[in-house]
Amino acid sequence: QEVLKNISVTANRKMAGWLQGHLSIAYAGRMPTATELYGFYLFNAQDGYDYLGNPSLKPEQSLQGEFRLQAQGKKARVSTTVFYHHIRNYISGSIDPSFSTMTIGAHGVKKFSALSYAELSGVEVSLLLKPLAALDIVSTLRYTQGKDNTGDPLPMIAPLKNINTVRYQFRYFFIQGETETAAAQNKVSHKYGEDPTPGYFLLHLRSGFPFHLMGKKTDLQYGVENLLDKNYHEHLDWGNVKRPGRNVYLMLKWFF
């Protein structure tokens, strides 16, 4: 019988009228899933291996820390967050050559096991500007890295990503432009079947306005996503399946 312990402590402090700090420290446990405990030749399309469970797995134990600093002005807000997770008994799949595959075409068989520890760390920065009452500019930047106890990269870690949004509101009508940029991800886990992912740049345009239809409030929204028709996929897309190219959407919301 296992008893999971989840403890967290949070502190907030206003350092000045425009500057505020936030500190959070937590300890959390996670029980292995039924798949990790009792899975029997479950094929994982992400890395191409059959997986076997391990009933002797112990719960993961994570020590987490996060610090956020936020500056607020009349027409701007900047927030920076850094975080770190130290995970003991990190559960992952390791190749077991003593078993034969059951799925046709599988690369081999992996059995769930626990590494002594793994680490996750990263930073997120967000910026909000409002130079005019009708104009909003929002930018976010996020980066995460992970490694196991041997120093190898953890799988399924997204690369550096930046999203910028400019929105202009003219009475009831709005128009919005977005850019989405992702760096190449070359810190990949080859033992989990990952391969590098190239970076990409996307441009989206959106617009819309409300009106009344049959006496009911109605919202019409439309736009073009991936305006430049970029051929790309994100690092977390299994099998390197491509995302949609240029696409146009039209959405009608009728409230009644």
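Thresholds applied
- Residues numbered from 1 in each chain as written.
- Predicted model: local features only at pLDDT ≥ 70, side-chain atom pairs only at ≥ 80, totals over all residues.
- Heavy atoms only, no water.
- 1 Å grid on protein atoms, 1.4 Å probe; cavity = no way out; pocket = protein on both sides within 12 Å on 5 of 7 lines; lining within 4 Å.
- Points joined across faces, edges and corners; volume = space filled by probe spheres on them.
- Helix = DSSP H or I, 4+ residues; strand = E, 2+ residues; numbered from the N terminus.
- Nonpolar A, V, L, I, M, F, W, Y, C, P; charged D, E, K, R; others polar.
- Phe/Tyr/Trp six-rings, centres within 6.5 Å; stacked < 30°, edge-to-face > 60°.
- Buried < 20%, exposed > 50% of the residue type's maximum accessible area, 1.4 Å probe, protein only.
- Lys NZ or Arg CZ within 6 Å of the ring centre and 35° of its normal.
- Contact = heavy atoms within 4.5 Å.
- Salt bridge = Lys/Arg side-chain N within 4 Å of Asp/Glu carboxyl O.

K.L.:
I'm lost on the layout of surface pockets in this one. Help?
P.N.:
In this structure, the largest pocket spans a volume of roughly 270 Å³. Forming the boundary of the largest pocket are 13 residues, of which Asn 44, Tyr 51, Pro 155, Met 156 and Tyr 192 lie nearest the centre. The dominant element in the lining of the largest pocket, judged by the number of residues it contributes, is strand S6 (residues 76-95), at four residues. Looking at the lining of the largest pocket residue by residue, the class counts come to seven nonpolar, four polar and two charged. One number sums up the size of the second largest pocket: a volume of about 210 Å³. Secondary structure elements with two or more residues in the lining of the second largest pocket: strand S7 (108-132) and strand S8 (135-148). The greatest single-element share of the lining of the second largest pocket, amounting to five residues, is contributed by S8.

K.L.:
What should I look at first to understand the packing of aromatic side chains in this one?
P.N.:
Given two aromatic rings, their pairing is described by the distance between the two centres and the angle made by the two planes. Taken as a whole and judged by the stated rule, the model has five aromatic pairs. Ring centres 5.0 Å apart and planes at 40° place the aromatic pair Tyr 51 and Phe 112 in the tilted group. A residue pair is termed long-range when its members are at least 10 positions apart, and Tyr 51 in strand S4 (residues 49-52) and Phe 112 in strand S7 qualify at 61 residues. Phe 112 carries the same exposure label as Tyr 51, and that label is buried. Of note, Lys 110 hangs over the ring of Tyr 49, and the distance from its end group to the ring centre comes to 4.5 Å. One residue, Lys 217, lies across the ring of Phe 255, its end atom 5.6 Å from the ring centre.

K.L.:
Would you mind going over the side chain of Ser 92 with me for this structure?
P.N.:
Positionally, Ser 92 belongs in strand S6. By relative accessible area, which is 7% here, Ser 92 ends up buried. Among residues more than four places away in sequence, those in contact with Ser 92 are Lys 111, Phe 112, Ser 113, Leu 115 and Tyr 192.

K.L.:
Explain the environment of Lys 58 to me, please; I cannot follow it from the model alone.
P.N.:
Structurally, Lys 58 is set in the loop between S4 and strand S5 (60-72). As for Lys 58 and Tyr 27, which are separated by 31 residues in sequence, their C-alpha atoms are 16 Å apart. Look past the residues within four positions of Lys 58 in its chain and what remains in contact with it is Pro 32, Asn 89 and Ile 91.

K.L.:
Just checking my understanding: could you explain the pattern of salt bridges for this structure?
P.N.:
It is possible for side chains of opposite charge to pair when their charged atoms get near one another. In total, this model carries 13 salt bridges according to the counting rule given. We note a salt bridge from Lys 147 to Glu 119, for which the minimum N-O separation is 4.0 Å. With Lys 147 in strand S8 and Glu 119 in strand S7, this pair connects stretches of sequence that are 28 residues apart. For Arg 206, the salt bridge is made with Glu 178, and the minimal N-O distance between the two is 2.7 Å.

These values are about where atoms sit, not about what they do.
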